[in-house]
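# Observations on the three-dimensional arrangement
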Amino acid sequence: MSLTTSNDLLRPYQRNAIDLLATSLGHHRKTVLQVPTGGGKTLIATAIIERALAKGKRVLFIADREELVDQTSSTFLLARILHGVMRADDKRLNMSAPVQLATAQTLARRQWPLVDLVIWDECHTVYANVLEKMNELEDIKFIGLSATPFTKGMGRHWEDLVI
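A brief look at the structure comes next.

Conventions and cut-offs
- Residues numbered from 1 in each chain as written.
- Predicted model: local features only at pLDDT ≥ 70, side-chain atom pairs only at ≥ 80, totals over all residues.
- Heavy atoms only, no water.
- Helix = DSSP H or I, 4+ residues; strand = E, 2+ residues; numbered from the N terminus.
- Rg over C-alpha atoms; globule rule 2.2 N^0.38 Å.
- Buried < 20%, exposed > 50% of the residue type's maximum accessible area, 1.4 Å probe, protein only.
- Contact = heavy atoms within 4.5 Å.
- Areas by Shrake-Rupley, 256 points an atom, 1.4 Å probe, with all protein chains shown as cover.
- Pairing = 2+ DSSP bridges.
- Right-handed = clockwise from strand over helix to strand, strands pointing away.

Turning our attention to the overall build of the protein chain. In terms of regular secondary structure, the protein chain is built from 5 helices and 7 strands. Overall, the protein chain shows an N-to-C arrangement of helices and strands of α-β-α-β-α-β-β-α-β-α-β-β. Taken against the 2.2 N^0.38 rule, which gives 15 Å for 163 residues, the C-alpha radius of gyration of the protein chain at 15 Å falls within 12% of a compact globule. Projecting the C-alpha coordinates of the protein chain onto the three principal axes gives extents of approximately 40 × 40 × 30 Å. Taking all 163 residues of the protein chain together, the buried fraction comes to 50%. The contacts in the protein chain between residues at least 6 apart in sequence include a share of 68% that link residues at least 24 apart. As displayed, the protein chain has an accessible area near 8,400 Å², and 53% of this comes from carbon and sulfur atoms.

Structure below.
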């Protein structure tokens, strides 16, 4: 089974979240989108990525666990999103793909791909290397996804919260 586009599967609250996020990113560079567990964060991210790709943008999706990379890769395959997985000896490694998937741990040991947008899943799990890149890459928009954006100090790194 494949999707026509992930946008076809979005519920009204997910479309609204994307609209609110777009408004926020018009004024801010680093925005967290809070969606409850089971609310479809990966599907929302897929729709955002499809829109970015339609504009010729390159995207990095960061997960905090290997299992989430694999789950996200499966969702991207269903949506027919060409992507690479940055992981040692992974047969899905494809650095020329417009979308890259990686864990924060892998990115700590590798050069970051050239991208226009970063989507950080489970952004409440703080990784110093990603936070450093958020500050260093001043021309890139960062979207954080989390059901629980309550980690102490997150407000020092993110500029807005969309619920």
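By the burial criterion, the buried members of helix H5 (residues 128-136) are Asn129, Val130, Leu131 and Met134. Packing partners of the buried residues in H5 comprise strand E1 (30-34), strand E2 (59-63), helix H4 (104-109), strand E5 (117-121) and strand E6 (141-146).

Here we come to the pairing of E5. Along E5, 5 of the 5 residues are buried, which leaves the element largely enclosed by surrounding structure. Covered by surrounding structure in E5 are Leu117, Ile119 and Asp121 together with Val118 and Trp120, the residues of both alternating faces. Two strands pair when backbone bridges link them, and E2 and E5 are joined in this way by 4 bridges, in the parallel orientation. Following the sheet pairing, Leu60 is matched in E5 by Val118. Relative to E6, E5 runs parallel, the two sharing 5 bridges. Across the sheet, the residue bridging to Val118 is Phe142, located in E6. Where the polypeptide runs from E5 across H5 and back to E6, its parallel neighbour, the crossover connection is right-handed.

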